[in-house]
2 protein chains.
Amino acid sequence: MNKVRIGIVGLGNMGSGHAQYLIEGQVKGAELTAVSDINPKRLKLAKEQWGDRVLTFESPEALFRSGAVDGILLCTPHYDHPRQAIDAFSCGLHVLVEKPAGVYTQQVREMNEAAAASGKVYGIMYNQRSNPLYVKLRELISSGELGEIRRTNWIITNWYRSQAYYNSGGWRATWGGEGGGVLINQDPHQLDLWQWTTGLMPKRIRAFCSFGKHRDIEVENDVTAYAEYENGATGVFVTSTYEAPGTNRFEISGDRGKIVIEDDKMTFWRLRELESEFNRTNTNAWGQPEIWKCEIPVASGGAQHKEITQNWTDAIMGGTPLLAPGEDGIKGLTLSNAMLLSTWTDNWVSLPIDEDVFYDKLQEQILFSANGKR
Amino acid sequence: MNKVRIGIVGLGNMGSGHAQYLIEGQVKGAELTAVSDINPKRLKLAKEQWGDRVLTFESPEALFRSGAVDGILLCTPHYDHPRQAIDAFSCGLHVLVEKPAGVYTQQVREMNEAAAASGKVYGIMYNQRSNPLYVKLRELISSGELGEIRRTNWIITNWYRSQAYYNSGGWRATWGGEGGGVLINQDPHQLDLWQWTTGLMPKRIRAFCSFGKHRDIEVENDVTAYAEYENGATGVFVTSTYEAPGTNRFEISGDRGKIVIEDDKMTFWRLRELESEFNRTNTNAWGQPEIWKCEIPVASGGAQHKEITQNWTDAIMGGTPLLAPGEDGIKGLTLSNAMLLSTWTDNWVSLPIDEDVFYDKLQEQILFSANGKR
């Protein structure tokens, strides 16, 4: 293979963005050869912009079967990702799916199974995995610099969305249209990074979602979740869309100190010796371990979508490991589903969640929805 | 009355501290005239230090009935506060009780009732209520500068206590000796300030305590609590004693922006107009309210015990309003009791709590305790 011929499925905000950098040749070894959209206006615009360089299709199915592409970027609405990805795999195509992987884990598990059976390269657009801040955090944790993790705390409330935003599309913030609110639409990166940087998935979650708080919508836009991990650590995840200004502060405390990421800076309060070791040997009732405040250097740039597309292209061309394997998409979604399920059942949710129960509860929301805005 | 004659009950760490500034005449209108302690060594030391200036008594009861004092500072173990305060009120004395008010709300309610019936001046040593940071925060909230509160979030994990600390006294960190862990011993100020600065008590709480985490103790030393308020706001309170370095960060978000207190500094991100008003009138899907980052000036000093003692003395002498009325002690204790009760029952706790249920659960802990360290 000389070049990976790429098709973009869905020319909304994300799809158009991917098309732009591909057309400009910013991804080595990749070529945009086809697009599809169910909206004729968008296809017309694509033809006007790109002429014969890019084929246009009125459906994903037609694009998949055109022979014009080796892989696809899937930029359709959340609910459609799994069904369309499974179809693409069955056509022998590689797939890079936009986040979130899907709306409920049942469908995403099926997508993962189809990907594995196909042997094709399957990635997910977790571009924040190339953000040097989180790459560094993951490295500090996995290398043991922070010691065993004892607590995680992410306040991510800087997703300000006004009522005008919610009113800008009939599908927005509806159970039927998007399958949820802040968790499924704004937080997929943070939910992924919460587990990817720490290497920890909770064993159980107790969460408290509010629906339509300070906004006329039916889905959750305010969440506080408490998590317990296998190693005894605990975690908190707080998110909302109505706070101005919100906060984006991720604190992780471990046996060797504490790391805080806030305002795009990383600070590591590092203990000279492990806390557990200090505690074991210290005999002074008011003794405190020695702490060094360290400002951690972090590379600039990163976190761009084209880096993930480049990595996926490289994986297709030469077997480069994926930074964001598609299979990982189910992890953040599991956290998101668990938070809703805990609220709906007013109880603990153990992970992995019971995907049938979640599916049924989601259907109830859709059924009792006023089909859009409340 | 020319001077308020004060007796100190209990000459441990706190009692000795109060005695020192009183002996030095740092509280106008107050005079230390008597002390009591059940430990003869401490009384001997008091006699050596102060000679005839200060009478010494082997029991609180004897001090209360000596006629030598007009009011007492109650610095005995937590469990003893209510019984001894009630006795003091019955002897016609004013009372300033150390924090916490007691261990369970039942006994503190009885203390409050006795105080009200006595008509005496009844204060509690919430010296952080004179900390200019929290005085300013309370003022910004009560004056409406922050708008209606939407979220509170206090991470107060900088209570590092090693095993050597817990081993330094047989009563420490036991159900029978202290009646709890970080909530009753380290957090009383924060639990009080959480409600005093905001003017909000939760309507219900769901909390998750860990007992003896990373320490060989039987009581809670790690807590995450979620709170819901009557006005729809939510809150989180996270505390622990094993993290190094811990965090002390209090964030309050309201209709007019966000205030954060951290590192003894206060920042107010103020919205030019109320968020609710912006949201009502904004028509731009990606519109954001205008935010001003304001560094709020805060007076230096404050938060000293002698300020509370001075205020209580002034209240006795001339009717000055109390900064920390004794009756308020039950509020922070209710939060503390609710967090334990929610954990023990693995369920929501509505406020005010069922004080009988809490009392029974506490007795169970004491009964099944290994009588001290596990």
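What counts and how
Residues numbered from 1 in each chain as written. Chains lettered and ligands numbered in written order. Predicted model: local features only at pLDDT ≥ 70, side-chain atom pairs only at ≥ 80, totals over all residues. Heavy atoms only, no water. Contact = heavy atoms within 4.5 Å. Buried area = accessible area lost by both parts, 1.4 Å probe. Salt bridge = Lys/Arg side-chain N within 4 Å of Asp/Glu carboxyl O. Least-squares fit on C-alpha atoms with pLDDT ≥ 70 in both. Helix = DSSP H or I, 4+ residues; strand = E, 2+ residues; numbered from the N terminus. Polar contact = N/O pair within 3.5 Å; in protein donor to acceptor, adjacent residues only side chain to side chain. Expected span 1.5 Å × (residues − 1). Buried < 20%, exposed > 50% of the residue type's maximum accessible area, 1.4 Å probe, protein only. Pairing = 2+ DSSP bridges. Phe/Tyr/Trp six-rings, centres within 6.5 Å; stacked < 30°, edge-to-face > 60°. UniProt positions renumbered as here; feature names shortened; annotations may be inferred. Disulfide = S-S within 2.5 Å. Axes fitted to C-alpha atoms, helices over the stretch in contact; angles between N-to-C directions.

### What to know about the interface of chain A and chain B
Thought 1: Across the boundary between the two partners, chain A contributes 54 residues, which contact 54 residues of chain B.
Thought 2: Together, the buried faces of chain A and chain B total about 4400 Å²; carbon and sulfur atoms form 49% of this surface.
Thought 3: Counting across the chain A and chain B interface gives 8 salt bridges.
Thought 4: When the shortest N-O distance is used, the salt bridge between Asp 222 of chain B and Arg 151 of chain A registers 2.6 Å.

### Regarding the relation of the copies chain A and chain B
Thought 1: Of the transformation placing chain A onto chain B, the axial shift is 0.0 Å and the rotation is 180°, giving an RMSD of 0.0 Å. The operation mapping one copy onto its partner corresponds to a two-fold rotation axis.
Thought 2: A shared binding surface is used by both copies, with 100% of the interface residues of chain A retained as interface residues in chain B.

### Observations regarding the environment of Gly 10 of chain B
All names here are of chain B.
Thought 1: With respect to the helices and strands, Gly 10 occurs in the loop between strand E1 (4–9) and helix H1 (13–23).
Thought 2: As for Gly 10 and Arg 270, which are separated by 260 residues in sequence, their C-alpha atoms are 47 Å apart.
Thought 3: Aside from chain neighbours lying at most four places away, what touches Gly 10 is Gly 15, Ser 36, Asp 37, Cys 75 and Thr 76.

### A short note on the environment of Tyr 166 of chain B
All names here are of chain B.
Thought 1: By the element assignment, Tyr 166 lies in helix H7 (residues 163–167).
Thought 2: With 54 residues separating them in the primary sequence, Tyr 166 and Asn 112 have C-alpha atoms 31 Å apart.
Thought 3: In terms of polar contacts, Tyr 166 uses its side chain to reach the side chain of Thr 241, at 3.0 Å.

### Let's talk about helix H11 (residues 305–318) of chain A
Residue and element names in this part refer to chain A.
Thought 1: With 14 residues, H11 extends 20 Å between its outermost C-alpha atoms, agreeing within 8% with the 20 Å of an ideal straight helix rising 1.5 Å per residue.
Thought 2: Buried within H11 are the following residues: Ile 308, Thr 309, Gln 310, Asn 311, Trp 312, Thr 313, Ala 315 and Ile 316.
Thought 3: As for H11, its buried residues are in contact with strand E1 (4–9), helix H1 (13–23), strand E2 (30–36), strand E4 (71–74), strand E5 (94–97) and strand E6 (122–124).
Thought 4: Of the residues one or two after H11, Gly 319 is the one with positive phi, at around 80°.

### Considerations on the pairing of strand E9 (residues 220–228) of chain A
Residue and element names in this part refer to chain A.
Thought 1: With respect to burial, E9 is a largely interior element, 9 of its 9 residues being buried.
Thought 2: In this structure, strand E8 (residues 204–211) lies alongside E9, joined through 8 bridges in antiparallel fashion. Across the sheet, residue Cys 209 finds its bridge partner in E9, namely Val 223.
Thought 3: Both E9 and strand E10 (residues 234–240) contribute to a ladder of 7 bridges, which runs antiparallel. Directly across from Val 223, in E10, lies its bridge partner Thr 239.
Thought 4: Between E9 and E10, which follow one another and run antiparallel, lie 5 residues, and Gly 232 among them has a positive phi close to 95°.

### Observations concerning the packing of aromatic side chains
Residue and element names in this part refer to chain A.
Thought 1: In the structure shown here, the tally under the stated rule is 30 aromatic pairs over all chains.
Thought 2: With a centroid separation of 6.5 Å and an interplanar angle of 65°, the aromatic rings of Trp 154 and Phe 237 are classed as edge-to-face. One end of the pair, Trp 154, is in strand E7 (residues 149–156); the other, Phe 237, is in strand E10, with 83 residues separating them in the sequence.
Thought 3: A relative accessible area of 0% places Trp 154 in the buried class.

### Considerations on the UniProt feature "domain: Gfo/Idh/MocA-like oxidoreductase N-terminal" (unreviewed entry) in chain A
Thought 1: On the UniProt side, "domain: Gfo/Idh/MocA-like oxidoreductase N-terminal" (unreviewed entry) is annotated at positions that read residues 4–124 of chain A here.
Thought 2: Regarding residues 4–124 of chain A, the helix share stands at 42% and the strand share at 22%, and the terminal C-alpha atoms are separated by 17 Å.

### Observations concerning the state of the cysteines
Thought 1: The tally for this structure, following the rule as stated, stands at 0 disulfides over all chains.
Thought 2: Cys 91 of chain A carries a free sulfur, and the closest cysteine sulfur to it, the one in Cys 75 of chain A, is 17 Å from it.

### Some words on the sheet that holds E1 of chain B
Residues and elements named next belong to chain B.
Thought 1: Taken together, 6 strands build an open sheet; the order of strands is E3-E2-E1-E4-E5-E6 and the sheet is parallel. Two strands in the sheet have a free side with no partner beyond their single neighbour: strand E3 (55–57) and strand E6 (122–124). Within the sheet, the average angular offset between the axes of one strand and its neighbour, ignoring direction, is 25°.
Thought 2: As judged from the 3 bridges shared by strand E2 (residues 30–36) and E3, these two strands associate in the parallel manner.

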